[in-house]
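Coordinate analysis (summary)
Each chain, written out:
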Amino acid sequence: MTTKTVSAAVPTAVKAEAAAVAAAHGMSMAALLCELLARVAARDAETLAWLDKDRR
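Not measured: the values here are computed from a predicted model. Every chain is numbered on its own, with residues counted from 1 as its sequence reads. Totals for whole chains, interfaces and linings use every residue, but because this is a predicted model, local features are given only for residues with pLDDT of at least 70 and side-chain atom pairs only at 80 or more, for both listing and counting. As a convention, hydrogens and water are excluded, and side-chain values are obtained from all of the structure's heavy atoms.

1. A word on the pattern of salt bridges
Quick reminder of the rule: Salt bridges are counted wherever a side-chain nitrogen of Lys or Arg sits within 4 Å of a carboxyl oxygen of Asp or Glu. Comment: elements are numbered from the N terminus, with helices defined as DSSP H or I runs of at least four residues and strands as E runs of at least two. Only protein chains enter the accessibility calculation, which uses a 1.4 Å probe; a residue is then buried when its area is under 20% of its type maximum, exposed when over 50%, and partly exposed in between.
The final tally for this structure, using the stated rule, is 1 salt bridge. A salt bridge links Arg39 to Glu35; the shortest N-O distance between them is 2.6 Å. Note that Arg39 and Glu35 are positioned in helix α3 (residues 29–43) at a spacing of 4 residues, about one turn of the helix. You can call Glu35 partly exposed: its relative accessible area is 32%.

2. Comments concerning the environment of Leu33
Along the chain, Leu33 turns up in helix α3. Accessibility expressed as a relative area gives 49% for Leu33, which makes it partly exposed. A sequence separation of 15 residues divides Leu33 from Ala18, and the C-alpha atoms of the two residues are 9.1 Å apart.

3. Description of the packing of α3 against helix α4 (residues 45–52)
Put simply, the rule is: Between the N-to-C directions of two axes lies an angle of 0 to 180 degrees, each axis being a line fitted to C-alpha atoms and, for a helix, fitted only over the stretch in contact. Any angle from 65 to 115 degrees is called roughly perpendicular, while one under 35 is roughly parallel, one over 145 is roughly antiparallel, and all others are oblique. Definitions for this section: a left-handed crossing has its near helix turned counterclockwise from the far helix by less than a right angle. A right-handed crossing has that turn clockwise. Whether two residues touch is decided by their heavy atoms; if any such pair falls within 4.5 Å, the residues are in contact. Nonpolar residues are Ala, Val, Leu, Ile, Met, Phe, Trp, Tyr, Cys and Pro. Charged residues are Asp, Glu, Lys and Arg, and all others, Gly as well, are polar.
Two elements in contact, α3 and α4, have axes whose closest approach is 5 Å; the angle formed by their N-to-C orientations is 125°. Classified by the angle between their axes, α3 and α4 sit oblique to one another. Taken as a pair, α3 and α4 cross one another with a handedness that is left-handed. Side by side, α3 and α4 meet where Leu37, Val40, Ala41 and Arg43 of the first sit next to Ala45, Thr47, Leu48 and Leu51 of the second. Among the residues forming the contact of α3 with α4, the class breakdown is 6 nonpolar, 1 polar and 1 charged.

4. Some words on the confidence of the model for the chain
Spelled out, the test is: The quantity known as pLDDT measures the predictor's confidence residue by residue, on a range of 0 to 100.
Chain-level statistics for the chain give a pLDDT mean of 81 and a share of 86% at 70 or above. When the elements of the chain are averaged for pLDDT, helix α1 (residues 3–9) gives the smallest value, 69, and helix α2 (residues 12–24) the largest, 90.

So this is what it looks like as structure tokens:
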């Protein structure tokens with residue numbers, strides 16, 4: 001999936017909210033996404049395994 005496809009699939013209101021959260025924390029959208037994924041993965045072994053699958 002390309003970045004353009006992912007971006008197109010996200011509703012404008014969700015993008016705006018995510019941008020506001022990122023700005024409030026002084027981080028980029030990419031950094032916010034990485035942080036959210038890390039927090040989810042840290043609490044879910046299956047998600048962590050899925051995220052690490054392609055690194056092996």
